[in-house]
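Spelled out, the chains give:
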Amino acid sequence: MDKHDGRDAGTIRLDDPWYDALAVGWGEGGETSPPPPAPDGRSAPGASEIYLEVQRSAAFQEVRSRYRGFVVPATAGFFLWYVAYVVAATAAPGVMARPVAGAVNVAMLAGLGQFLSTFLLTWAYARHARLRRDRAALDLRWTVFEQERGQERNRARGSGR
């Protein structure tokens with residue numbers, strides 16, 4: 001975290017490498033040049049090679065696996081719950097119209113259950129992401145940031161000579 005002087009003296013800004021980083025070559029209008037060769041004569045890896053390397057890594061595959069392990073069953077379960085509600089409303093209107101308490105019937109409770117399940121699923125997703133994916137994804141993010149920073153230092157050294 002960095003503290004800033006001047007007009008915004010009391011604010012603290014997280015030093016997030018993705019906050020103000022531009023995607024090179026994605027419409028900024030600037031020309032991109034190939035990375036200069038490394039001191040040993042081989043060409044230094046570019047940003048795309050770094051991202052491909054991270055994508056092939058076991059850590060990235062683990063994060064994706066954990067993501068899919070939650071999202072696929074949760075999506076399928078929620079979709080089945082929604083379809084069951086719609087089918088019951090159209091195929092069994094007598095059951096859905098059955099009163100439960102006063103003017104509240106089964107259809108109203110099932111409809112409110114749709115909203116409740118949406119909120120519960122959102123909470124479960126956020127909890128799963130916080131406990132099982134965020135730390136590993138942040139580690140990957142900083143790994144890429146450090147590799148890119150190392151490339152920038154090498155370029156600066158190479159152009160300064």
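In case you missed it, the structure is sitting above this.
Residues numbered from 1 in each chain as written. Predicted model: local features only at pLDDT ≥ 70, side-chain atom pairs only at ≥ 80, totals over all residues. Heavy atoms only, no water.

### A word on the overall build of the chain
Secondary structure assignment for the chain yields four helices and four strands. Shown N-terminal to C-terminal, the secondary structure of the chain runs as helices and strands in the order β-β-α-α-α-β-β-α. Here the chain, with 161 residues, has 14% of them falling under the buried criterion. Summed over all atoms, the accessible surface of the chain reaches about 12,400 Å², with 61% contributed by carbon and sulfur. (Helix = DSSP H or I, 4+ residues; strand = E, 2+ residues; numbered from the N terminus. Buried < 20%, exposed > 50% of the residue type's maximum accessible area, 1.4 Å probe, protein only. Areas by Shrake-Rupley, 256 points an atom, 1.4 Å probe, with all protein chains shown as cover.)

### Some remarks on the nonpolar core
Core analysis: the biggest nonpolar cluster contains five residues, these being I50, V54, V63, L140 and V144. Listing elements by their share of this core, those giving two or more residues are α1 (47-56) and α4 (106-160). In this view, V63 contacts R133, A136, A137 and L140; residues no more than four positions away in its chain are not counted. (Core = buried A, V, L, I, M, F, W, Y, C linked by side-chain atoms within 4.5 Å. Contact = heavy atoms within 4.5 Å.)

### Brief notes about the side chain of R133
Within the element layout of this structure, R133 appears in helix α4. One buried charged side chain, R133, makes no salt bridge at all; its nearest oppositely charged neighbour is D134, positioned 5.4 Å away. With residues up to four places along the chain from it excluded, the contact list for R133 reads V63, R66, Y67, Y125 and H128. (Lys, Arg positive; Asp, Glu negative; His and termini not counted. Salt bridge = Lys/Arg side-chain N within 4 Å of Asp/Glu carboxyl O.)

### Focus on the side chain of H128
With respect to the helices and strands, the residue H128 is situated in helix α4. What makes H128 buried here is its relative accessible area of 11%. Setting aside chain neighbours within four positions, we find H128 in contact with R66, F70 and R133.

### Digging into the packing of aromatic side chains
Taken as a whole, this structure holds two aromatic pairs when the rule is applied. Between F70 and Y125, the aromatic rings sit 5.9 Å apart at their centres with planes inclined by 50°, giving tilted as the arrangement. Of this pair, F70 sits in helix α2 (residues 58-91) while Y125 sits in helix α4, and the two are 55 residues apart along the sequence. What makes F70 buried here is its relative accessible area of 17%. Pairing W142 with F145 gives two aromatic rings, centres 5.2 Å apart and planes at 90°, and the pair type is edge-to-face. You can see W142 and its partner F145 sitting in helix α4, three residues apart, about one turn around the helix. Classification of W142 by relative accessible area gives partly exposed; the value is 31%. (Phe/Tyr/Trp six-rings, centres within 6.5 Å; stacked < 30°, edge-to-face > 60°.)

### A short note on a nonpolar patch on the surface
Residues V100, V104, M108, L109, L112, F115 and F119 make up a contiguous nonpolar surface patch of roughly 710 Å² in combined accessible area. Here the nonpolar patch takes five residues from α4, the largest share from any one element. As for its position among the elements, L112 is in helix α4. Classification of L112 as exposed rests on a relative accessible area of 54%. (Patch = residues over 30% accessible without salt bridge, like charges linked within 9 Å, V, L, I, M, F, W, Y side chains within 5 Å.)

### A closer look at the pattern of salt bridges
A side chain with one charge can pair with a side chain of the opposite charge if their charged atoms come near. Across all of its chains, the model carries one salt bridge by this definition. Across the pair E62 and R66 runs a salt bridge, and its minimum N-O distance is 3.0 Å. Of this pair, E62 and R66 both sit in helix α2, four residues apart, which is roughly one turn of the helix. Exposure remark for E62: the relative accessible area of 39% places this residue in the partly exposed category.

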